[in-house]
Amino acid sequence: MLRVLALAAVVLLGIAPEPSQAISIYTGWERHALVGSDIRLSCSFFSWRFVSDDVSFTWIYRPDGSRETVSIAHYAGGEAYTDNKGRFKDRVEFVGNPKRRDGSILIKNLDFSDNGTFTCDAKNPPDIVGRPSSVRLLVFENLPIQAGVITGAIIGVVLGLLVLIVVIYYLMRFLVARRVFSLSVSKHGKKKKEGSQQRQIKV
């Protein structure tokens with residue numbers, strides 16, 4: 001009986017621990033950038049709860065062709081920590097706004113060796129169970145033309161040709177109608193003139 005009363009008191013006072021719920025984390029899928037440029041890698045999350053004071057973000061990097069990973073940025077307790085001795089020393093900066101569920105980072109002065117996968121993990125206690133999200137970075141000397149751009153250009157050309165064909169069609173119809181009208185008016189005028197001449201001869 002005492003245990004039941006104690007449990008009821010805990011529930012009524014609201015001091016029972018809150019159950020943890022899943023957290024969903026989002027990044028881009030693939031990003032392209034030029035050598036020597038800077039790029040912002042975005043990371044956000046969805047949680048049913050308000051943003052906790054203990055919200056945290058962690059970024060991990062895995063180079064292409066390697067299984068090894070390295071932590072390059074971490075945010076916790078209101079402070080950001082970045083790589084200060086690895087390949088991203090002085091080149092990575094935490095630029096997110098955790099209070100708005102934003103854990104983005106900025107990578108500066110990109111190099112070909114930066115090609116790889118960047119994984120973001122976020123925690124919003126008590127919601128700490130979630131699958132990290134990854135974005136692949138590809139660094140080029142010249143940005144390649146993406147398939148979507150080519151497809152868009154082809155669609156644009158096709159639509160342009162269709163519009164041109166429609167314009168030519170209606171222009172031809174207008175010219176033909178105008179020609180027919182001119183011939184009709186000319187023929188009608190000729191008949192009227194001939195009729196007038198015939199009346200004059202009879203008189």
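Here, every reference points to the structure presented above.
Computed from a predicted model, the values in this text were never measured in an experiment.

S.K.: Any chance you could break down the overall build of the chain for me, citing the residues and the numbers?
M.R.: Along its length, the chain carries two helices and 11 strands. Within the chain, the fraction of its 203 residues that count as buried is 24%. Sequence-distant contacts, at least 24 apart, represent 62% of the contacts inside the chain between residues at least 6 apart. As displayed, the chain offers around 14,700 Å² of accessible surface, 61% of which is attributable to carbon and sulfur atoms.

S.K.: So what about the sheet that holds strand β9 (residues 105–107)? Which residues, and what values?
M.R.: Sheet architecture is open: three strands sit in the order β3-β9-β8, paired in antiparallel fashion. Of all the strands in the sheet, just β3 (39–41) and β8 (92–94) have a single pairing partner and so form its edges. Across the sheet, the mean angle from the axis of one strand to that of its neighbour is 25 degrees, orientation sign disregarded. Pairing geometry for β8 and β9, over three bridges, is antiparallel.

S.K.: Now, about the state of the cysteines: what can you tell me, with residues and values included?
M.R.: What the rule picks out here adds up to one disulfide. The disulfide partner of Cys-43 is Cys-120, and the S-S distance across this bridge is 2.0 Å. Looking along the S-S bond of the Cys-43-Cys-120 disulfide, the torsion reads about -75 degrees, which is the left-handed sense. Of the two residues, Cys-43 sits in strand β4 (residues 43–46) while Cys-120 sits in strand β10 (residues 116–123), which places them 77 residues apart along the sequence.

S.K.: Go over the packing of aromatic side chains, please, and point to the residues and values.
M.R.: Within a pair of aromatic rings, the relevant descriptors are the distance that separates the centres and the angle that separates the planes. Under the counting rule described, the total for this entry stands at eight aromatic pairs. For the ring pair Tyr-61 and Phe-118, a centre distance of 4.8 Å and an interplane angle of 40 degrees mean the geometry is tilted. On the criterion of sequence distance, the pair formed by Tyr-61 in strand β5 (residues 56–63) and Phe-118 in strand β10 is long-range, its members being 57 residues apart. An identical accessibility class is assigned to Tyr-61 and Phe-118; each is buried. Site record: aromatic cluster; members linked through ring pairs are Phe-45, Phe-57, Tyr-75 and Phe-94.

S.K.: So what about the environment of Ser-37? Which residues, and what values?
M.R.: As for its position among the elements, Ser-37 is in the loop between β2 (30–34) and β3. Contacts of Ser-37, omitting those with residues within four sequence positions, involve Ile-107, Lys-108, Asn-109 and Leu-110. Polar contacts involving the side chain of Ser-37 include one to the main-chain carbonyl oxygen of Leu-34, which spans 2.6 Å.

S.K.: Summarise the sheet that holds strand β6 (residues 70–76); cite the residues concerned and give the values.
M.R.: Pairing between the strands of a sheet comes from backbone hydrogen bonds, and it takes one of two forms, parallel or antiparallel. An order of β2-β11-β10-β5-β6-β7 is seen for the six strands of this open sheet, with the pairing classed as mixed. In this open sheet, the two edge strands, each paired with only one partner strand, are β2 and β7 (79–82). Between one strand axis and the next, the sheet turns by 20 degrees as a mean value, whatever way the strands run. Summarising the sheet, β2 and strand β11 (residues 133–140) pair through five bridges and their orientation is parallel. Along β11, the bridge assignment pairs Ala-33 with Val-139.

S.K.: So what's going on with the side chain of Thr-117? Which residues, and what values?
M.R.: Structurally, the position occupied by Thr-117 is in strand β10. The buried category is assigned to Thr-117, whose relative accessible area is 14%. With sequence-adjacent residues up to four places away left out, Thr-117 is seen in contact with Ile-60, Tyr-61, Arg-62, Asp-64, Ser-134, Val-135 and Arg-136.

S.K.: For the pairing of β4, give the residues involved together with the corresponding values.
M.R.: Covered by surrounding structure in β4 are Cys-43 and Phe-45 only, the residues Ser-44 and Phe-46 on the alternate face being uncovered. Bridging between strand β1 (residues 24–27) and β4 involves four bridges; their strand directions are antiparallel. Paired with Thr-27 across the two strands is Cys-43, which belongs to β4.

Reading guide: rules and limits
Residues numbered from 1 in each chain as written. Predicted model: local features only at pLDDT ≥ 70, side-chain atom pairs only at ≥ 80, totals over all residues. Heavy atoms only, no water. Helix = DSSP H or I, 4+ residues; strand = E, 2+ residues; numbered from the N terminus. Buried < 20%, exposed > 50% of the residue type's maximum accessible area, 1.4 Å probe, protein only. Contact = heavy atoms within 4.5 Å. Areas by Shrake-Rupley, 256 points an atom, 1.4 Å probe, with all protein chains shown as cover. Pairing = 2+ DSSP bridges. Axes fitted to C-alpha atoms, helices over the stretch in contact; angles between N-to-C directions. Disulfide = S-S within 2.5 Å. Phe/Tyr/Trp six-rings, centres within 6.5 Å; stacked < 30°, edge-to-face > 60°. Polar contact = N/O pair within 3.5 Å; in protein donor to acceptor, adjacent residues only side chain to side chain.

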